[in-house]
Amino acid sequence: MVGGSNDSFLKVLSTESFQELTSLPYLGTITKAKWHPTDNRVAIAVQDGKSKPAILHLDNNKIIELDSITNDGARAIAWNATGDLLAVGDNEGFLTFFDATGAFLRKIDTGQKGLMGLDWHPKENTVVVVGESISLYDFATDSLQHFEDRKEEVLMLSVAWNPNGAIFATGDYGDFIQHYPPSLQYWTYDGEKIKTIDESKAEIRNLKWSGDGALLATASEKLRLWNKEGELVNEKSSENLLWGIDWNTDGSRLVTTDEQGNIQFWNQDLQPMKQLKYGSAWSP
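Residues numbered from 1 in each chain as written. Predicted model: local features only at pLDDT ≥ 70, side-chain atom pairs only at ≥ 80, totals over all residues. Heavy atoms only, no water.

## Regarding the pairing of strand E22 (residues 222–226)
The element E22 is extensively covered by neighbouring structure, given that 4 of its 5 residues are classed as buried. Bridge analysis of strand E21 (residues 216–219) against E22 gives 4 bridges, and the strand direction is antiparallel. The residue of E22 that forms the bridge with Ala 217 is Leu 225. Counted along the chain from E21 to the antiparallel partner E22, the turn is 2 residues long. (Buried < 20%, exposed > 50% of the residue type's maximum accessible area, 1.4 Å probe, protein only. Helix = DSSP H or I, 4+ residues; strand = E, 2+ residues; numbered from the N terminus. Pairing = 2+ DSSP bridges.)

The following block contains the structure:
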């Protein structure tokens, strides 16, 4: 697994031995790290202006910084399914596209104040992005759609397509002053809301479908697993608020990170396997 925090290092860890394999210096707070689907390289989103989002080639430690990104940085980044396109969603609401080498392709103003999360459709070059609302951008036709997520104004934090490409899920911050609960929502491809779940007692910072699409894992005050119908399958309490989450390839393990810098590995029954301690919140 690969990830980082605000300690100015990108780290690669073994999910078998749980040992640190590589530690590369890179200034700035790393908010998201995404493996290329086929090559040994990783794209990172960075904020606070110390460095730009970048592509890091782990075979030779070559770093390609991504131009045309706001100095306020970015939180959202992802490769498309084939790895020939990279999308970055920045803190000013722009969606910027690059090719696999890091060359600039185009920049889209989504009309949002800032983008917190994005995900590519598993079979098409279509990107769903979230911030103050939901936007769907089709790269092939250069067209942008917006979906109404909820009547209350809340910040949306996370989004993920199911591998079947028919539905996606979103998680938001809620508003505890206005007593709006954080919501997990299921959507169709066309932006029709399927279900809203107000189970979480804290913001849903990240969510991730298993490789077969059978389970959705969400990171909040608890680690929770949901099926495709939005039914709770399993949950496990966390001492600290969870920030990051991901599955391994075959869905037999999960990894979570929390606000205190703990990296926790879990088996598929949500039994803890191994915990690693880092100094600050970590984004896998």
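Continuing now.
## Overview of the pattern of salt bridges
Applying the stated criterion to the full structure yields 6 salt bridges. Between Lys 52 and Asp 67 there is a salt bridge, with the nearest N and O atoms lying 2.9 Å from each other. Of this pair, Lys 52 sits in the loop between strand E5 (41–47) and strand E6 (54–57) while Asp 67 sits in the loop between strand E7 (62–65) and strand E8 (74–79), placing them 15 residues apart in sequence. Residue class for Lys 52 comes out partly exposed when judged on its relative accessible area of 34%. Residue Arg 205 is joined to Glu 203 by a salt bridge in which the shortest nitrogen-to-oxygen separation is 3.2 Å. Salt bridges sharing partners connect three or more residues here, namely Glu 221, Lys 222, Arg 224 and Glu 235. (Salt bridge = Lys/Arg side-chain N within 4 Å of Asp/Glu carboxyl O.)

## Thoughts on a nonpolar patch on the surface
A contiguous nonpolar surface patch, about 250 Å² in accessible area, is contributed by Leu 155, Tyr 173 and Phe 176. Looking at where Tyr 173 falls in the secondary structure, it is placed in the loop between strand E17 (167–172) and strand E18 (184–188). Exposure remark for Tyr 173: the relative accessible area of 31% places this residue in the partly exposed category. (Patch = residues over 30% accessible without salt bridge, like charges linked within 9 Å, V, L, I, M, F, W, Y side chains within 5 Å. Areas by Shrake-Rupley, 256 points an atom, 1.4 Å probe, with all protein chains shown as cover.)

## Quick look at the side chain of Asp 90
On the secondary structure map, Asp 90 appears in strand E9 (residues 85–90). At a separation of 3.0 Å, a polar atom in the side chain of Asp 90 contacts the main-chain amide nitrogen of Phe 94. Residues within four places of Asp 90 in sequence aside, it is in contact with Ile 69, Thr 70, Gly 73, Ala 74, Lys 107, Gly 114 and Leu 115. (Polar contact = N/O pair within 3.5 Å; in protein donor to acceptor, adjacent residues only side chain to side chain. Contact = heavy atoms within 4.5 Å.)

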